[in-house]
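Architecture at a glance
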Amino acid sequence: MTRAPIALAALLALACKPLPPRGNVPVELAAAPPRLVLQLDETAPSVYLELAVAAGSAYDPPGREGLAHLVARALVEGGTADRSPDEVRDALYRTGNRVEVVVGKEFVTYRLRCHRDDAEACADLFADLIVEPAFDADVVKRVRDAALYEVTDGARGDEEALAADVLDAWVYEGHPYAHPVEGRAGVLPLLDRDDVVDFHRRHYVTGAMVLGVAGAAGLEQAHALVARFDALPDTLPVGLALQQPHPVQDRRLLFVETGTDVVGFRLGAPTDLRRDDPDYPALLLAFTAFGAHRQSFGTLFREVRGKRGLNYGTYAYVEPYVERSDGSQPEQGVSRRMPMVHLWIRPTSPENAAFALKLTVAELERLVAEGLDDEAFADTRSYLLGAIPLLAQDPGRRLSYAVEAVATGMPDPLRLLADAVAALTPEQVDDALRRRIDPSRLRIVAVGGGGEALVEALTGDAPTPVTYAEGLAPDAAQAARDAEVAAMDLGLVDARVRPVEGIFR
Amino acid sequence: MKSYHERIGRRGRRSILVIPIPRTHISAPRQEIQVKSRLLAGFLLLGPMGAQAGEAVPRVFPYDVVTHELDNGLDVVAVRMPTPGVVAFATWMAVGSRDEVDPGRTGFAHFFEHLMFLGTPTWSADARERALLRAAADDNAWTWFDETVYHLVLPADRLDEIVAIEADRFRNLTLTPDDVRREAGAVYGEFRKSKVNPVGQAVEALYDLAFDVHTYGHDTIGLEADIAAMPTAHAYALAFHDRFYRPGNATVLAVGDVDPEAFFARVEAEYGAWEPGTLPRPVIPAEPEPDGLRRRTVDWPQPTAPVLALGWRMPAGAPDDPTIAALELLGRVLLADVGPLERRLVREEQLAFSVWGGRDDFVDPGLFKVVAELRPGVDPAVAEAVVREEIARLAAGVDPELLDAVRRHVRQGTLSDLDDPLGVLMALGWALRRDPRPDAFDRSFAALDAVTASDVQEAARRWLVDDRLSAVVLMHREAE
């Protein structure tokens, strides 16, 4: 096959903004799909392989929700044309590594890191799995059963993740993003190997792929790996028509009753803020100051935990956020064309749940109304300028950012964000907050126990005061703020409780 | 599903880091550190030219480890690796929930980790927060049975500043009663977020069942009644600092873009005045020899698939002790992706979604665990019978090919894993806590290489017996 002009088209499409880092991709490799990112360093101790495929859960056919996830998991475990599942497992095991799979709404990402001694064997296995997966029927069924458990009783084991999935289901109701990537309980039992093979044939085409190689490989090895992808169809990738999510016009609350004695929240609203948006750097800075993921300097962290000890942490995000399995830093490959801004209130006691929610919303209102003070602006800018390079401390993470940038056509934060942040002014940040964030429009999901009582408290006229630890008294200013928050009316136009049973049917 | 290592451990302040259980270690191109001056020549440099006395252990750790001890007893470790502009820094305290011998104080080591962020006369909590924010330092800590680790990743040019700020809090922490009351709420929140997880609760029950007197019997987060009492623990917290937070219990490490000589000088200047403690560390009660099979059923009020958690009491020994090394390999064989339990329980008989475990790499004797997250409706007794059959099979003979594959897996996996400064720091700090000799990493590897198939067989026969076994089954049962 000739290396068709898709990559060139993609490059042209990007020409209006700085190009993401693709390393030194030779012309003959850049000419045809899959699009490539090469960050080769033959002296490195390890080689890193990464493939992003536009085949995430949003591509699930209606009535077949969970298929993209099933394909991704079964691909890795289900053997290849020439090797049984056991042979693949044995071969990978000897390298000391596993193929890591990240299934997002739009992309599926496969990663494999191997020591340089195993570079060739790993590249070979990686290509075998992607290009000629066997999808052993027994493996397909086993993976499907595990997914079914994850969206039924298994979901109760992590109420915070459950709340995030319920928020997606609500904010994106009727949209391809709505269902959990693992699928819906009502349809998972219907999925079989034929569905899996068909999905792979339709979506695993080179035009839908971005392949990255970093570390201990030379151009020759990169050539050899790319050549393996010639065996895949070179048909055009299946497009994904995404309608806008229904606009959120007001505040509503859904309480998912699990019967435990804790309550956690997720709050969000759809947005059109993507990484190429002129307001993205400003809002990233604002939300970093307001509630950076698991950082104690955030306003929400200080107000909810630091001053009042109500929970373990409260955070705010301008884009979908998934934590990498190896640490607290953000996962790549989970970005969305139609993102959501959201807040995460970690579990609190039922008696303080109403207050914690009101305090969080009140702080969001204050942020938008008052903006950041000069000191917070300067500190957070300084933080981001230093922290952006720390996002990728090893070649694997650097590669992940670059591959995602090419796959999404968005700027690579590692390369471009620092300059944009450095150029920001406090006025730009405050202005972006006022124009783009509307605290009066929120979907609020609560998960835990005591739903009826919480709904009653939030919709009644009585204040919902905070209960401090015994012996702890706030100073006068904080007590005044507490009283104000406790008396706040969230203005919920709807608040209801539903049982957890059957939540993802 | 996340692994146990991602779930367990109490990591307080901010992000959750995976607790690294080093998968042991091996060699790659080395970063040579030249002995540049008299100052550095006084440090112990481990490398091809290293001054390591005694028996030679094959070099496996891919970077040079340079160590130094201050007069006050503080150990300092520096490792240079090619991460331009980035360095990881940590103060590794040899204090964890293992030290919680006082009645009513379970969970205190972890609670104290939280308190360590509350400020000093020089650096109030807010001032420290701002300084770290401006320096773009990613700051966090975690606590487990044997240690509490305060770690940061930061731009290398801010290291001097951060060393000063960190040393200050170890030397001069101040706490008010209200600080203690407020922070106790955060710990309660941390307890709440994990208590709905059935697998974590099954494992917690297993340790409670297996240990009568040793402090490994309670989880690091502590018992709920003790957490509820934390708000009033101000005086105890001050005493805790006096007793445990002393240089003799600490190791300071830097890994990444660091000049060891300059780093040692800086640590000397900032941590050198940290006064050695006078109070003795507590005597950790030794667990008597096990007295027979123990069983417990945990009723879970929410619908859940059953969990089977088995734990055999282990012998004591350093990681390079031949018995311990044999148990380590036994665990890796039994629970490998290509091993017998994964094959039978997960793939062939499909009784479980996952199975994991192995030897506890703890300072005192812990457990050899097998934890199976079963499928809904599976009878735990059936799964347990499979585990017993496969252990009996290993006791009768170990496939040498499988053993070789496991050894290679450990070696290659570890090598490719050591690619970021914080990961390397954690792996090294973990090894040094268990064996303070600077080549601890290499020693544990050499010990694994020396294990034979018959050693593994013997370990299964001798240690994985009913007399040493505790067994927990967690199942859904409606509350009455």
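In this report, we go over the structure that sits alongside the text. Keep in mind the model is a prediction, meaning the values are calculated, not measured.

Notes on the overall build of chain B
- Each helix and strand in chain B was counted, giving 17 helices and 12 strands.
- Within chain B, the proportion of its 480 residues that are buried is 65%.
- The contacts of chain B with a sequence gap of at least 6 include a subset with a gap of at least 24, amounting to 81%.

Let's talk about the pairing of strand S9 (residues 307–313) of chain B
Residue and element names in this part refer to chain B.
- Within S9, seven of the seven residues are buried, which leaves it mostly tucked inside the rest of the structure.
- Of the two faces of S9, the one carrying Val307, Ala309, Gly311 and Arg313 and the one carrying Leu308, Leu310 and Trp312 are both buried.
- Relative to strand S11 (residues 367–374), S9 runs antiparallel, the two being bridged by seven bridges. Directly across from Trp312, in S11, lies its bridge partner Phe368.

Quick notes on the sheet that holds strand S3 (residues 100–103) of chain A
Residue and element names in this part refer to chain A.
- Reading across from one edge, S1-S5-S2-S4-S3 is the order of the five strands in this open sheet, with mixed pairing throughout. Here the strands that pair on one side only, and so sit at the sheet edges, are strand S1 (35–40) and S3. Averaged over all pairs of adjacent strands, the angle between their axes in this sheet comes to 10°, without regard to strand direction.
- Examined bridge by bridge, S1 and strand S5 (residues 209–215) share six bridges and lie parallel to one another. Within the sheet, the bridge partner assigned to Leu38 lies in S5 and is Val213.

Observations concerning the pattern of salt bridges
- This structure, assessed with the given rule, holds 92 salt bridges over all chains.
- A salt bridge links Arg441 of chain A to Asp438 of chain A; the shortest N-O distance between them is 3.1 Å.
- Across the pair Arg481 of chain A and Glu484 of chain A runs a salt bridge, and its minimum N-O distance is 3.2 Å. One end of the pair is Arg481 of chain A and the other is Glu484 of chain A, both in helix H18 (residues 476–486) and three residues apart, which spans about a single turn.
- Overlapping salt bridges, with partners in common, bring together Asp146, Glu147, Glu328, Arg332, Arg359, Asp361 and Arg434 of chain B in one network.

A closer look at the environment of Leu391 of chain A
Residue and element names in this part refer to chain A.
- Mapped onto the elements of the fold, Leu391 is located in the loop between helix H13 (374–390) and helix H14 (395–408).
- Considering only alpha carbons, one finds Leu391 and Ala74, 317 residues apart in sequence, at a separation of 30 Å.
- Setting aside its immediate chain neighbours within four residues, Leu391 contacts Gln329, Pro330, Arg397, Tyr401 and Leu414.

Some remarks on the interface of chain A and chain B
- Across the boundary between the two partners, chain A contributes 73 residues, which contact 65 residues of chain B.
- Here chain A meets chain B over a buried area of about 6,100 Å², counting both sides, of which 52% is carbon and sulfur.
- There are 12 salt bridges connecting chain A and chain B.
- Among the ionic pairs, Asp379 of chain A bridges to Arg134 of chain B, the shortest N-O distance being 2.5 Å.
- Remark: the boundary between chain A and chain B carries 26 residue pairs in polar contact (both at pLDDT 80 or more).
- Per-element accounting of the side of chain A that touches chain B gives the leading share, nine residues, to H13 of chain A.
- Tallied by class, the residues present in the side of chain A that touches chain B amount to 18 nonpolar, 25 polar and 30 charged.

Rules used in this analysis
Residues numbered from 1 in each chain as written. Chains lettered and ligands numbered in written order. Predicted model: local features only at pLDDT ≥ 70, side-chain atom pairs only at ≥ 80, totals over all residues. Heavy atoms only, no water. Helix = DSSP H or I, 4+ residues; strand = E, 2+ residues; numbered from the N terminus. Buried < 20%, exposed > 50% of the residue type's maximum accessible area, 1.4 Å probe, protein only. Contact = heavy atoms within 4.5 Å. Pairing = 2+ DSSP bridges. Axes fitted to C-alpha atoms, helices over the stretch in contact; angles between N-to-C directions. Salt bridge = Lys/Arg side-chain N within 4 Å of Asp/Glu carboxyl O. Buried area = accessible area lost by both parts, 1.4 Å probe. Polar contact = N/O pair within 3.5 Å; in protein donor to acceptor, adjacent residues only side chain to side chain. Nonpolar A, V, L, I, M, F, W, Y, C, P; charged D, E, K, R; others polar.

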